Protein chains: 2
Amino acid sequence: MKVKRSERLVDMTDYLLNRPHCLIPLTFFSKRYDSAKSSISEDLTILKRTFQRRGIGLVETVPGAAGGAKYIPYILKEDADQFMDEIVTILNNSERTLPGGYVYMSDILGDPEKLRYLGRMIATQYLNQRVDAILTVATRGIPIAQAASSYLNAPLVIARHDTNITEGSTVSVNYVSGSSKKIKRMTISKRSLQQDGNVLIVDDFIHGGGTINGLTSLITEFNCNLVGSTFFAEGAYSNNQDFGNYTSLVKMETNAAGEMLIMKGNYDEQIFSRND
Amino acid sequence: MKVKRSERLVDMTDYLLNRPHCLIPLTFFSKRYDSAKSSISEDLTILKRTFQRRGIGLVETVPGAAGGAKYIPYILKEDADQFMDEIVTILNNSERTLPGGYVYMSDILGDPEKLRYLGRMIATQYLNQRVDAILTVATRGIPIAQAASSYLNAPLVIARHDTNITEGSTVSVNYVSGSSKKIKRMTISKRSLQQDGNVLIVDDFIHGGGTINGLTSLITEFNCNLVGSTFFAEGAYSNNQDFGNYTSLVKMETNAAGEMLIMKGNYDEQIFSRND
C-alpha cells in the first residue's frame, strides 16, 4: 500500500538520522513506501532543504540508477559556539576546582545531551574524510569517543592500560607519560583494527602528550593512517610541547593570580575559520 | 514566517529523536514554526502514528495549556528478535573462540549501529520507570551503558577500579570478585550520583556476580534505589548463583562436548512475555 508523503517524511528522517554516512539507495525507499522514485526524490529534496535550514546536517543525493541519499551530520558554527559558551561557563564554576589544578568534568562527559553536541562537533571536523575507526584509551575518553563514533558511523576501538583475556591476541606499545615521565604501556586487541585503515584519535584530555604518542604508536603498529586527534580538554602548558597537530574543545590556563581558567580551545580556528 | 507542514514534520522528528523522554511544550513548536497550536497538534498526530507504525517509539502527547509531546524510544519484539538472531550468529562463529572459554565480542560493543539497537532494547525494558542515572564499571561495559543512557536520556556514571585525581572526593566499596574470589575495590566520584536517585546498572558481562554486588553496594552508599540490571552477556554457570534478578541479552553455555555455545539470554522473557 502506497505510503503518504507525511509518513514518508517522518520515517525517512528517522531512517537517515540513524544511519549517518551510509548511502541508502532510492530503490530501498521506493520499495519501503511503495512509491515512485520521482516521489522519493521530491521527499529527499524536502529533507535536504530542511536539514540544511535547521542545521541538522547535509543530505547528499547521488543521482542515477545506483543513486541514493546519504546523511552527513554536522553542526553550525553558531550552534557549536552557543553550546561551547555554555560548557565554558559550567566549567568555570569555582565549585568544580579540584586540588592540584584539576577541574571536575566527568558529569559533562556523561551527559547524553552534551555528548550528542560533542559528537556532532567532532563529526563536523572530519566531515569530508574517510574515518574507519575511532581510537581512544580507557577510561574517561570513551564516552566522547563513542559520541564521535556514532555520528561518523565508524567503530569505536578502546586501548587499555591493563590486558584482558577477553581481547584475544593483543598488540602493546610502551610510551612515556607526558606528565609523570613514567614509562607506561597500552594494549589493544589484534582484531580491533584493520591494516591500512584511517584512524581518528578522540580522548578527554591532552596534557603532556604521552597518551597521543602511545595511541599514535598503536596506529603505526597496524600500518594505519592517523586522520587527526581531537581532545575535549587541553591542559595548561601543553602548548609548549611538540606533539603534532591536535584539536581541543576547551583549554585550561592559569592566570597571573594562579587561578585556573577554562576557555574555548582551538576547535573554532581549526574548523570554521577556513570556511568563513 | 510560517513554516510548511513538510518542513515541520522533518524538523520535529529530528528534534524529538534527539530529546528522548523530554516533554517539549506545544508552545515551543508553535513559536519555532510560527504556526497555530492546532496545526502542531495535527503534526504530532502524524508523528505519533508513524513512530508507532514503523516501530520507532511512542510519541506521548499531553493535552492542555502545559501540554506537549514526549518521545519515548522503544523497539518492537520482531526487530529485537531479528537483531539478536544476527548477534547470536555472529558470536557463534568459531573464529571468535578465545582460550579459556571466552568469546571475542569487543567489536560488537564498539559498533555504533549495533549499539543503537542495544540501547533501544535496554530503553524499552525501562520504558515506564524513572531512571535518574545509568551506572557501569570501567571498561568494557561503558559503550553499551552509554547507548542505554542516550535512549533513556539519563546521565552515565562510570565506576572505576583505580582512583583518579580528576574525580575529586570519591566513595569506594570493596566486593568479592565472583570468578577469582579476590577482594576488589571500585570507586565513583561523590558528585556523580544524587541521593535517592533511581539507578540502572548496565554492564557487558555477568559471570560470578561480583561486579553486580559491588555496583549495588555503591548504590546503597548513596541511598539510591536499584531500578534493575542489564548485561550484554551472561557467562556459563552463573545461573547457579544467587545475585538477584538481572537481564541478559545473550547467554553462554557449554554443551556436552565441551563447546561454547551462545544463545539468547533472558531478555525476551523479561520484556515481551508479559505484554503478549
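Residues numbered from 1 in each chain as written. Chains lettered and ligands numbered in written order. Predicted model: local features only at pLDDT ≥ 70, side-chain atom pairs only at ≥ 80, totals over all residues. Heavy atoms only, no water.

1. Structural notes on the overall build of chain A
A tally of regular secondary structure across chain A gives 8 helices and 13 strands. Referenced to the eigenvectors of the C-alpha coordinate spread, the extents of chain A come out at roughly 65 × 45 × 30 Å. Taking all 276 residues of chain A together, 55% fall into the buried category. Intrachain contacts of chain A at a sequence separation of at least 6 include 60% that bridge at least 24 residues. Carbon and sulfur atoms make up 47% of the accessible area of chain A, which totals about 12000 Å². Counting 30 positive and 30 negative side-chain charges, chain A places the centres of these two groups 7 Å from one another. (Helix = DSSP H or I, 4+ residues; strand = E, 2+ residues; numbered from the N terminus. Buried < 20%, exposed > 50% of the residue type's maximum accessible area, 1.4 Å probe, protein only. Contact = heavy atoms within 4.5 Å. Areas by Shrake-Rupley, 256 points an atom, 1.4 Å probe, with all protein chains shown as cover. Lys, Arg positive; Asp, Glu negative; His and termini not counted. Charge placed at Lys NZ, Arg CZ, Asp CG, Glu CD.)

2. Re the nonpolar core
In terms of nonpolar packing, the biggest core is built from 123 residues, with A:Leu91, A:Phe232, A:Val250, B:Leu91, B:Phe232 and B:Val250 touching the most fellow members. Beyond its immediate sequence surroundings of up to four residues, A:Leu91 is in contact with A:Arg96, A:Val103, A:Tyr104, A:Met105, A:Ile108, A:Phe232, A:Val250 and A:Ile262. (Core = buried A, V, L, I, M, F, W, Y, C linked by side-chain atoms within 4.5 Å.)

3. Comments concerning the packing of aromatic side chains
Each aromatic ring pair is characterised by the separation of its centres together with the angle its planes make. If you walk through the whole model with that rule in mind, you get 14 aromatic pairs over all chains. With centroids separated by 6.2 Å and ring planes inclined at 80 degrees, the aromatic side chains of A:Phe231 and A:Tyr246 adopt a geometry described as edge-to-face. Pair noted here: A:Phe231 is in strand 11 (residues 225–234) and A:Tyr246 is in the loop between strand 11 and strand 12 (247–254), with a separation of 15 residues, a long-range link. For the pair A:Phe231 and A:Tyr246, a shared accessibility class is recorded, and that class is buried. With centroids separated by 6.0 Å and ring planes inclined at 5 degrees, the aromatic side chains of B:Phe29 and B:Tyr33 adopt a geometry described as stacked. Relative accessible area serves as the criterion here: at 0%, B:Tyr33 is assigned to the buried category. (Phe/Tyr/Trp six-rings, centres within 6.5 Å; stacked < 30°, edge-to-face > 60°.)

4. Points about empty space enclosed by the protein
It is the rolling of a water-molecule-sized probe over the atoms that shows where space remains empty. Inspection of the entire model under this criterion finds 5 cavities of 30 Å³ or more. Approximately 60 Å³ is the volume found for the largest cavity. Surrounding the largest cavity, A:Ala80, A:Asp81, A:Met84, A:Met121, A:Leu249, A:Lys264, A:Gly265, A:Tyr267 and A:Asp268 form its lining. With 3 residues, helix 4 (residues 77–91) of chain A is the single largest residue contributor to the lining of the largest cavity. Tallied by class, residues from the lining of the largest cavity come to 5 nonpolar, 1 polar and 3 charged. The space that makes up the second largest cavity amounts to roughly 40 Å³. Every residue along the wall of the second largest cavity is listed here: A:Tyr102, A:Val103, A:Met105, A:Arg140, A:Phe205, A:Met252 and B:Thr166. (1 Å grid on protein atoms, 1.4 Å probe; cavity = no way out; pocket = protein on both sides within 12 Å on 5 of 7 lines; lining within 4 Å. Points joined across faces, edges and corners; volume = space filled by probe spheres on them. Nonpolar A, V, L, I, M, F, W, Y, C, P; charged D, E, K, R; others polar.)

5. Focus: unusual backbone geometry
The residue after A:Ala138, namely A:Thr139, is reached through a cis peptide bond having omega 5 degrees. Positionally, A:Thr139 belongs in the loop between strand 6 (133–137) and helix 6 (142–152). A positive phi angle, close to 60 degrees, is found at A:His21, a residue other than glycine. Its identity is not glycine, yet B:Asp196 carries a phi of approximately 65 degrees, on the positive side. Looking at where B:Asp196 falls in the secondary structure, it is placed in the loop between strand 9 (183–189) and strand 10 (198–206). Taking relative accessible area as the criterion, B:Asp196 reaches 53% and is therefore assigned exposed.

6. Description of the sheet that holds strand 3 (residues 68–73) of chain B
Residues and elements named next belong to chain B. With respect to topology, 3 strands assemble into an open sheet ordered 1-3-2, the strand pairing being antiparallel. Two strands in the sheet have a free side with no partner beyond their single neighbour: strand 1 (23–25) and strand 2 (57–62). Pairwise comparison of adjacent strand axes, ignoring direction, gives a mean angle of 25 degrees for this sheet. Where strand 1 lies against strand 3, 3 bridges are found, and the strand directions are antiparallel. Its bridge partner lying in strand 3, Ile 24 is registered against Ala 69. (Pairing = 2+ DSSP bridges. Axes fitted to C-alpha atoms, helices over the stretch in contact; angles between N-to-C directions.)

7. Re the packing of helix 4 (residues 77–91) of chain B against helix 5 (residues 112–125) of chain B
Residue and element names in this part refer to chain B. The interhelical angle for the contact between helix 4 and helix 5, taken along N-to-C directions, is 130 degrees, at an axis separation of 11 Å. Taken together, the axis directions place helix 4 and helix 5 in an arrangement best described as oblique. Where helix 4 crosses over helix 5, the handedness of that crossing is left-handed. Along its contact with helix 4, which presents Asp 79, Ala 80, Phe 83, Met 84, Glu 86, Ile 87 and Ile 90, the element helix 5 presents Lys 114, Tyr 117, Leu 118 and Met 121. (Parallel < 35°, antiparallel > 145°, perpendicular 65-115°, else oblique. Left-handed = near helix turned anticlockwise from the far one by under 90°.)

8. Some remarks on the interface of chain B and chain A
Taken together, the contact between chain B and chain A spans 58 residues of the former and 58 residues of the latter. With both chains or domains summed, chain B and chain A bury close to 5000 Å², and 53% of this area falls on carbon and sulfur atoms. Interface area lost by chain B to chain A is led by B:Glu7, B:Val10 and B:Arg54, which between them contribute 13%. Linking chain B with chain A are 4 salt bridges. (Buried area = accessible area lost by both parts, 1.4 Å probe. Salt bridge = Lys/Arg side-chain N within 4 Å of Asp/Glu carboxyl O.)

9. Remarks on the UniProt feature "domain: Bacterial purine repressor N-terminal" (unreviewed entry) in chain A
Cross-referencing UniProt, the feature "domain: Bacterial purine repressor N-terminal" (unreviewed entry) maps to residues 4–73 of chain A in the present numbering. What you have in residues 4–73 of chain A is 53% helix and 21% strand, and the ends, taken at the C-alpha atoms, are 26 Å apart. (UniProt positions renumbered as here; feature names shortened; annotations may be inferred.)

10. Some remarks on the relation of the copies chain B and chain A
With an RMSD of 0.0 Å, the fit of chain B onto chain A corresponds to turning through 180 degrees and sliding 0.0 Å along the axis. With respect to symmetry, the two chain copies, as superposed, fit the operation of a two-fold axis. Counting the interface residues of chain B, we find that 100% of their copies in chain A are interface residues as well, pointing to one common contact surface. (Least-squares fit on C-alpha atoms with pLDDT ≥ 70 in both.)

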